[in-house]
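An overview of the molecular structure
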Amino acid sequence: MTATPVPRTDTASDSDTPTEAAPATDTAAAAEYTAAGAATGAGAAEAVEALLLVDLQTAFVAGDEAVPDAARVLDRGRALLARARAAGALVVHLQNDGAPGTVDEPHTPGWELHLPVQPGPRESVIRKGEDDGFDGTPLGALLDGAGVRALALCGVLSEMCVAATARTALARDFRVVLPHDAHATYDIPAAAGISERVPAALSSRAAEWALGDEVEIVPRAAAVTFTAPRRGR
């Protein structure tokens, strides 16, 4: 994952208080998801057997260079993680190995996973060197070996590692659930002659929309439920 954070006027913090307010420029998207939630109900999502936590590393979710919605994504990540563990679902923490000199260079403070891992037969860390969590990693074999048919994703960055991993999961015939409030990215900086700054919330929305109609986008992470996987696929 390579991204240049846009200078921010707000400060993201590792707080348990979710940041729910949508930017004024994203009111249409917020209204759309409110309506969708009312139509489908909070518990409408069919249970999934695995949770992929994508690059919830200190460089991206804590400190001055965190994504603008870091507190919200961490809050949703903790809640999803707790429910997945309680249900006996498979949990995979994807950890990006950045190039030398980048904020997520291996074994630097920014590279460390921000949420605690409970290693065991149902929870593991998979390191990756590309945006796609399946590329050159044992992720596909792990999911297939556990009998996973459906998975949920949470993490950063929406248009990079989250989207790339979701696309490959769909191509491998997994059912993919993506909670709208459980992934985030940075603002897109202004580019002369092209556009003004694009707020992070709009970039995230565009990223999930670009995944097409096979992905299941749910308004809230609270709608995602988990079950234990069955071996054999």
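A brief look at the structure comes next. (Residues numbered from 1 in each chain as written. Predicted model: local features only at pLDDT ≥ 70, side-chain atom pairs only at ≥ 80, totals over all residues. Heavy atoms only, no water.)

Turning our eyes to something else, we now look at the packing of aromatic side chains. Across all of its chains, the model carries one aromatic pair by this definition. Arranged with centres 6.4 Å apart and planes meeting at 25°, the rings of Phe 134 and Phe 174 form a pair that is stacked. Note that Phe 134 is positioned in the loop between strand E3 (123–128) and helix H4 (139–146) and Phe 174 in the loop between helix H5 (158–171) and strand E5 (175–179), a separation of 40 residues in sequence. Both residues of the pair, Phe 134 and Phe 174, count as buried. (Phe/Tyr/Trp six-rings, centres within 6.5 Å; stacked < 30°, edge-to-face > 60°. Helix = DSSP H or I, 4+ residues; strand = E, 2+ residues; numbered from the N terminus. Buried < 20%, exposed > 50% of the residue type's maximum accessible area, 1.4 Å probe, protein only.)

Okay, the environment of Leu 170 next. Note that Leu 170 resides in helix H5. Distance in space between the C-alpha atoms of Leu 170 and Ala 150 is 9.8 Å, their sequence separation being 20 residues. If we skip the residues at most four places from it in the chain, Leu 170 touches Val 176, Leu 211, Glu 214 and Val 215. (Contact = heavy atoms within 4.5 Å.)

Regarding H4, the residues found buried are Leu 139, Gly 140, Leu 143 and Ala 146. Seen end-on, H4 carries its buried residues on one side only, within an arc spanning 145°. Taken together, the buried residues of H4 touch strand E1 (50–54), strand E2 (90–96), E3 and strand E4 (150–156). (Arc of directions from axis to C-beta.)

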